[in-house]
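# Per-entry structural report
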Amino acid sequence: MADTAEILFSTWQEDFCLRVQDQGIRARTRRVFSEAASYLPDVLDRQMNQKEVLFSVHDYLELTVSDERVRKGRKALRKHRKLMGQIEEHFNVSADAVLAIWGLETGFGANRGNFPVLSALATLAFAGERKAFFESELIAALKIVQARDITPEKMLGSWAGAMGHGQFIPSSYLKYAVDFDGDGKRDIWSDDPTDALASIANYLCEHGWRSGQPCGEEMELPKGFDLSLTGRDQMRPVAEWGAMGVRSPRGMHPADYGEASILLAAGAAGPAYLAYRNFDVFLAYNNSVSYALSVGCLAHRIDGNMKFTKPWPANQRVLSRDETRELQERLTQLGHDTQGADGIAGPNTYQALRTWQQSVGLPADGFPCGEMLDQLREDTPIRH
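Residues numbered from 1 in each chain as written. Predicted model: local features only at pLDDT ≥ 70, side-chain atom pairs only at ≥ 80, totals over all residues. Heavy atoms only, no water.

Moving on to the packing of aromatic side chains. The geometry of an aromatic ring pair is captured by the separation of the ring centres together with the interplanar angle, meaning the angle of the planes. Evaluation of the coordinates by the stated rule reveals 22 aromatic pairs. Summarising the aromatic geometry, the rings of Phe9 and Tyr39 are spaced 5.8 Å apart at their centres and angled 45° between planes, so their arrangement reads as tilted. In this pair, Phe9 is assigned in helix 1 (residues 2-19) and Tyr39 in the loop between helix 2 (27-36) and helix 3 (41-48), connecting sequence segments 30 residues apart. Measuring from centroid to centroid gives 5.7 Å for Trp102 and Phe108, while their planes differ by 80°, and the two rings are edge-to-face. With relative accessibility at 4%, the residue Trp102 sits in the buried group. Within the aromatic cluster, the residues linked to one another by ring pairs are Phe9, Trp12, Phe16, Phe33, Tyr39 and Phe126. The ring of Phe133 has Arg130 sitting right over it, with the charged end atom 4.3 Å from the ring centre. If you follow Arg236 out to its NZ or CZ, it ends over the ring of Trp241, 5.6 Å from the centre. (Phe/Tyr/Trp six-rings, centres within 6.5 Å; stacked < 30°, edge-to-face > 60°. Helix = DSSP H or I, 4+ residues; strand = E, 2+ residues; numbered from the N terminus. Buried < 20%, exposed > 50% of the residue type's maximum accessible area, 1.4 Å probe, protein only. Lys NZ or Arg CZ within 6 Å of the ring centre and 35° of its normal.)

Right, dumping it as structure tokens:
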């Protein structure tokens, strides 16, 4: 069976090399690819057997913003203080933000991946899910090799082709990687993280990072605050939030960094987080609220600040994708249309949940959790 797959892979590889002639991939690069890329069934196994790992915000932050990771981040800041100062000056992006992404992505360079990227991407383009996406990333990877930024044997990364200290996919590398040490190469793979850290900063800069502003900060909401006003889809000037009584845990007015939204990442039972525009920049790096929140919190801690004053609720039941789809279906049946049931909670789902919560007298935090699904199950028998 393996021999058959490898034969089919070789046939696909030949066809691929013919197809990319018109996309700027020169003959020499195609020969290098033919010699370097091989079929990696382990990559397909990893893609097919990805488990849906469910973490509550409490557990995710405990894992990603641990005291040990904060200590390592502060140690990295001391070790690379001169470099980080140069990066801050050049890109107008705070050092703690860059270091936080470095810490979450690869443990400050400790876990960069050891899969040969050309082989991994070729295998996924040949037989994996999302073939078109991985083929486009493979072409981008070949352009990197063609530019002689890295040799195929040194182009290592994750099984999905994310590379280097910041885990850039090849297309992001082409757009945002920089040669900061001036050696003529954009080397994000080296043990020396200079180019990689500068590339992370450039990515944040190009996505609209606002210098001198945090990602967000903890806030306390006044008694009786209308929770239906919360959520990433509801941006307001900070002055308006202040006028409504939103305050820092020390009772101070929030700093006026323009528009912001109030995020209840664990629902009404957890802390309130005033998310500024830089939160959206972290979302551009990885479109996950938990990820952006973790990066923001880790940056905050590396910069010498304390943990959240209000504890994150433990033992919250996180919804699986199937359960989220069920929640969407039940909300829609009740007349609170989620605009589809794909198992991924987005702005439409949050808004529909908020309106349903208001209709039944619950805190309208729009937070999809096990408790909300259980109550919806009581209120709505599913119709098929």
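Turning our eyes to something else, we now look at helix 15 (residues 321-333). Along its 13 residues, helix 15 runs 18 Å from first to last C-alpha, staying within 8% of the 18 Å computed at 1.5 Å per residue. Along helix 15, the positions that sit buried rather than exposed are Glu323, Thr324, Glu326, Leu327, Gln328, Arg330 and Leu331. Looking one or two residues beyond helix 15, the residue adopting positive phi is Gly335, at roughly 95°. (Expected span 1.5 Å × (residues − 1).)

Turning next to the pairing of strand 5 (residues 259-263). Successive side chains on a regular strand alternate, one facing one side of the sheet and the next facing the other. Most of strand 5 is tucked away: four of the five residues are buried. The sheet contact formed by strand 5 and strand 6 (residues 272-275) spans three bridges and is antiparallel. In the sheet register, Leu263 faces strand 6, and the bridge partner there is Tyr273. (Pairing = 2+ DSSP bridges.)

Residues Lys72, Lys75, Arg78, Lys79 and Arg81 make up a contiguous surface patch of positive charge. Examining the composition of the positive patch, we find that four residues originate from one element, helix 5 (residues 67-79), more than from any other. Relative to the helices and strands, Arg81 is located in helix 6 (residues 81-91). (Patch = residues over 30% accessible without salt bridge, like charges linked within 9 Å, V, L, I, M, F, W, Y side chains within 5 Å. Areas by Shrake-Rupley, 256 points an atom, 1.4 Å probe, with all protein chains shown as cover. Salt bridge = Lys/Arg side-chain N within 4 Å of Asp/Glu carboxyl O. Lys, Arg positive; Asp, Glu negative; His and termini not counted. Charge placed at Lys NZ, Arg CZ, Asp CG, Glu CD.)

In a packed pair of helices, the relevant descriptors are the angle between the two axes and the axis-to-axis distance. Two numbers describe how helix 8 (residues 117-127) lies on helix 9 (residues 131-146): the axes approach to 8 Å, and their chain directions differ by 150°. Taken together, the axis directions place helix 8 and helix 9 in an arrangement best described as roughly antiparallel. The handedness of the crossing between helix 8 and helix 9 comes out as left-handed. Across the interface between the two elements, Leu118, Leu121, Ala122, Leu124, Ala125, Phe126 and Ala127 of helix 8 pack against Lys131, Phe134, Glu135, Glu137, Leu138, Ala141, Leu142 and Val145 of helix 9. Partitioning the contact of helix 8 with helix 9 into residue classes produces 12 nonpolar, no polar and three charged. (Axes fitted to C-alpha atoms, helices over the stretch in contact; angles between N-to-C directions. Parallel < 35°, antiparallel > 145°, perpendicular 65-115°, else oblique. Left-handed = near helix turned anticlockwise from the far one by under 90°. Contact = heavy atoms within 4.5 Å. Nonpolar A, V, L, I, M, F, W, Y, C, P; charged D, E, K, R; others polar.)

Below, the discussion takes up the side chain of Gln47. Inspection of the secondary structure puts Gln47 in helix 3. Accessibility expressed as a relative area gives 7% for Gln47, which makes it buried. Engagement of the side chain of Gln47 in a polar contact is seen with the backbone nitrogen of Glu129, the distance being 2.8 Å. With residues near it in sequence (within four places) discarded, Gln47 still touches Leu124, Gly128, Glu129, Phe134 and Trp159. (Polar contact = N/O pair within 3.5 Å; in protein donor to acceptor, adjacent residues only side chain to side chain.)

Keep in mind these numbers describe shape, not what the thing actually does.
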